[in-house]
Every structure is written in C-alpha cells, then in structure tokens.
Amino acid sequence: MKRTALRSALSLGGGIVLAAAMSSGLAATANIVWAASPIANVGLRAKLVQMFEATYPNIHVTMVSQPTNTNTNRATLVTEISSGSSTPDVFMGDVIWPAQFGADGLALPLNKYLPSSFFSRFAPGLVAGATYKGSVYGAPFFMDAGFLYYRKDLLAKAHLPVPKTWAQLKSEAQTLQSKHMVKYGFVWEGNSYEGLTCNWMEYLTDAGGSVFNKSGSKATMDSPAAVKALTFMKSLITSGVSPAAEVTFQEPQAMSTFQAGNSAFLRNWDYAYAASQSKGSKVIGKVGVAPLPTFNAANYPGYSNIGGWNLYINPHSKNIKADLTFISWMTGVKAQTTMATFASEIPSNYAVQKNAKVRALNPVLRIVSTVRLIARPSQTPQYPKISAAIYHNINAALAGSMSVSQALKTANSQIQQALNPNAL
Ligand code: GLC
C-alpha cells in the first residue's frame, strides 16, 4: 500500500485499524529502527526491545544508541530526518522538541493516526506538553524531574538533616568536606548545554525570576532574581563545594562523581536513583532522594524542572503500522512498569504511575507529587535559540569568563532577539 493510502486508511479507520492490526499480532512483518539515548545504564532499552519482540514476533526492532547530550542527539536526528531518510522509524526525543519538530515536519502528527482514546492512558498534562498547534507529535514515554540525591550515611554520621534551603545545603556540604568525610559537596549539570538550562530554571524560578514575560514579547532575564540565582550557583564553585570541573559536567559526569562516593549531594533526574543502586556503584544502600531546596525556607520545596522523553515517528518511515504498535506497547502497562521499577523512571502511563506496587519499588515516584514543577519555555520553535542564550552565558559566568551582570545582560538581549526574529 502506498504511504498516502495507508495514511488515509489509518486516519479514517483511526484506532480500529490499529486495534485490529495489534490484536492480530500485526500481520505485516517489519523491521524497525528505534533511535534511543541511554536511559539509566541498567540495560533497560535492550530489555524493553526483547519484551516487545516476544509479544510481536513479526516486528524486529534494531536499537540505535543516541548521544546522552540532548542537543547532540537532536542535531543527528534533524540532519537524518530532514534529509528524507526513512530511518530511524521511531525515535526517543526530548519533551522540549514538539514545537521545533512539529513546525519543521520532522515528526508525524500522532493524533491523525491514533484514536483519542489512546491518549487517555497518559498522566495529566503530558499530552498537552507533546502538542504543538493542535497536533500531538510525541507519545509520552517517561517524565523527568530534577531531584536532590543525598548521602544518607554521611548526613546521619554528622547529625545533619536533609537540607531544605540552598544555604543549608552549602553549609552542610562544607561541614562534611571540612571533616574529610567526602571530597565534594554538590555536583550538578553546569556544562554549556541544555542540562544547564534545566538547572538554571530551578534556581531562577525559585528566586522569583523568569526568562521572558507571559505574552512572550519581552525577555526578563536581566533581573535582581537572576542575579541572586547566578551569584549563588557561582558561589558553589568558588567555595569548592562543587568542583572547578563543574562547568564541564553533564548528567554522566555528575552521576559518576556521586556514584564513586565523591559527593555528598547530587542534582539529577529520576534515573539517578536506579543508577546509584546499580552494579559498580560505591553508594548502594546509602542514597536518599528529596525535592530540591529553596532560597527561602518558607517556600520549601524549591522548583524542579520538568524534563522527560517522548516517542516520535519519523514522517518518512515505511513502517508506520509497526511504529504505532511499538509506541503503543512502550506506553502500555507492561513496558511502563518495567521502566518504573528497573530504572526509577516516572512512568507516563497514569495507571502505572498510581500503582501501589510500582510506587513501593520506586522512591522517586513516591515523592514526585511533593515537588514543585517548572517547565522550560519550549512551546515555541525558537526555543533552541532561547536555551542556547541561557546556557552559553550562564556557563561563561560560572567559568569566570564573564561577570554575572554581563552574562545576564548578554543572555537577555539574545533571548529578546530570538523572541523577535524579524526585528532589526
Ligand atoms: C533529561 C531530561 C530532558 C532534558 C535533559 C537535559 O534527559 O529528561 O528533558 O532536556 O535531561 O540534559
């Protein structure tokens, strides 16, 4: 069947076609390529593929591993898909991509192929986050949030509580360091890339600031709140609480420092709990998870940035039925339970998220309802430029090559430019 014909058959038949195809074990034999970045280094991707293939023996999945850096990952996919390549068929893509991928025709509008009942399996808000101009471009795969991971053993030994304010975190870290109980106090993501924008959103929002105003007409990052946020982040490095190499850290470096037992605190996503308890870790049984601290104790907890990943379909894929079957299974109860229990992910499937047995096995999921969430301003195709303006300049200030005020002024004017791309 020609793709246009298949497309209209699927969209006319909606879920009926997919449901029939799926209950028949999907008659068509297909080989699909799934591009996916590492999830928690616990063998999860291969496990999911294996389970899927056992359920759908006619569909063979080749998993292609993507870079852990979301920006590099996006760049390789944009190049591939915009060249018209029919692979990968399905890709794991960041929750901040729907606007760009939707506007540029790099992802299939899933709501044209799947019945609206399909989308009711997801936790509230996730489908809206994957929607751009009325079309749903991604099937939510898992939700990420920023958390504070701490060394239970060190805090107990030094009789220190889990910190609720940033100042408290810093002083507890210094206490532990001065007693030579641990090398570093706190590791996070400070490199010049998307992860720094996520960390920045947490401090900035907690300090009362924002990136631009509600109508999206004016950049607002040159503010006293932003000065407060950036001055504190920089002080983590200048005080030695965070290593000087912090400005080169992405998730894997922060994770491996913490896993090696070299930091009292870690800011990272859901997966970090599972990773900290995986083979080879030096902190097995010693890790606790809490919401992020705040500047002002009365406001506890602080803000956690919303991250996460969706499953998108390449519009040039020649296996759309199989692709739909794959994303439907990956967002179903079995796959989502596996993800939540093996990799401490927050499942996108609402029933799994609420399941008491799953929660009992996932300490991150147990506290997610207590965190205060803040999204990145990614509902515009200009978002990559806005984020780059944030992370380049914030990183320059952290590295000391720009002053705090210079970095914020520069970021602000670059954000303003991105908001008004046609202005002179
Ligand atoms: C995590 C988040 C993603 C974010 C990225 C930044 O993978 O899920 O949304 O963009 O980290 O490094």
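Peer 1: So what exactly am I meant to see when it comes to the packing of helix α9 (residues 194–206) against helix α10 (residues 224–238) here?
Peer 2: When two helices pack together, you describe them by how their axes are tilted relative to each other and by the distance separating the axes. Direction vectors running N to C along α9 and α10 enclose 120°, while the axes themselves pass 9 Å from each other. Taken together, the axes of α9 and α10 are oblique relative to one another. The crossing of α9 and α10 is right-handed. The segment α9 lies against α10, with Leu 196, Asn 199, Trp 200, Tyr 203 and Leu 204 engaging Ala 225, Ala 226, Ala 229, Leu 230, Phe 232, Met 233 and Leu 236. Its residues assigned to classes, the contact of α9 with α10 comprises eleven nonpolar, one polar and no charged.

Peer 1: What is the right way to read the domain arrangement of the protein from this model?
Peer 2: In many reports, interface size means the accessible area that the parts give up when they come together. In terms of domains, the protein is made up of domain 1 (3–143 + 306–374) and domain 2 (147–305 + 377–419). Taken together, the contact between domain 1 and domain 2 spans 33 residues of the former and 32 residues of the latter. For the pair domain 1 and domain 2, the summed buried surface comes to about 2,500 Å²; carbon and sulfur atoms form 61% of the total. Interface area lost by domain 1 to domain 2 is led by Ile 96, Arg 372 and Ile 374, which between them contribute 26%. Seen at the junction of domain 1 and domain 2, the total is zero salt bridges. Our count for the domain 1 to domain 2 interface comes out at nine residue pairs in polar contact (both at pLDDT 80 or more). If you list the elements that add at least two residues to the side of domain 1 that touches domain 2, you get α4 (70–82), α5 (98–103), α6 (126–129), β4 (131–132), β11 (303–313), α17 (363–367) and β13 (372–374). Residue classes in the side of domain 1 that touches domain 2 are distributed as 20 nonpolar, ten polar and three charged.

Peer 1: Honestly, the site of the ligand in this entry has me stumped. Any pointers?
Peer 2: For the ligand, the set of nearby residues contains 13 residues, the closest of which are Asp 94, Asp 144, Glu 251, Gly 308 and Arg 376. Separating an oxygen atom of the ligand from a side-chain N or O atom of Asp 94 is a distance of 2.6 Å. Within the contact set of the ligand, an oxygen atom lies 2.9 Å away from a side-chain nitrogen or oxygen of Trp 309. Here the ligand loses 94% of its free accessible area of 310 Å² to cover by the protein chains. Those elements that provide at least two residues to the shell around the ligand are α9 and β11.

Peer 1: I tried to follow helix α14 (residues 333–342) on my own but got confused; where do I start?
Peer 2: In an α-helix, one full turn covers 3.6 residues, which means residues spaced three or four apart are oriented alike. All of the buried residues in α14 are Ala 335, Gln 336, Thr 338, Met 339 and Ala 340. Two residues or fewer after α14 comes Ser 344, characterised by a positive phi angle close to 45°.

Peer 1: Can you help me understand the pattern of salt bridges in this one?
Peer 2: For side chains of opposite charge, pairing can occur when their charged atoms come near one another. Overall, the coordinates contain five salt bridges when judged by the stated rule. Across the pair Glu 189 and Arg 267 runs a salt bridge whose closest N-O atoms are separated by 3.1 Å. Separated by 78 residues along the polypeptide, Glu 189 in the loop between β8 (184–187) and α9 and Arg 267 in strand β9 (residues 263–268) bring together distant segments of the chain. By relative accessible area, Glu 189 is classed as buried at 0%. Across the pair Arg 267 and Glu 202 runs a salt bridge, and its minimum N-O distance is 2.7 Å.

Rules used in this analysis
- Residues numbered from 1 in each chain as written.
- Predicted model: local features only at pLDDT ≥ 70, side-chain atom pairs only at ≥ 80, totals over all residues.
- Heavy atoms only, no water.
- Axes fitted to C-alpha atoms, helices over the stretch in contact; angles between N-to-C directions.
- Helix = DSSP H or I, 4+ residues; strand = E, 2+ residues; numbered from the N terminus.
- Parallel < 35°, antiparallel > 145°, perpendicular 65-115°, else oblique.
- Left-handed = near helix turned anticlockwise from the far one by under 90°.
- Contact = heavy atoms within 4.5 Å.
- Nonpolar A, V, L, I, M, F, W, Y, C, P; charged D, E, K, R; others polar.
- Domains from an automatic or database assignment.
- Buried area = accessible area lost by both parts, 1.4 Å probe.
- Salt bridge = Lys/Arg side-chain N within 4 Å of Asp/Glu carboxyl O.
- Polar contact = N/O pair within 3.5 Å; in protein donor to acceptor, adjacent residues only side chain to side chain.
- Near = heavy atom within 4 Å.
- Areas by Shrake-Rupley, 256 points an atom, 1.4 Å probe, with all protein chains shown as cover.
- Buried < 20%, exposed > 50% of the residue type's maximum accessible area, 1.4 Å probe, protein only.

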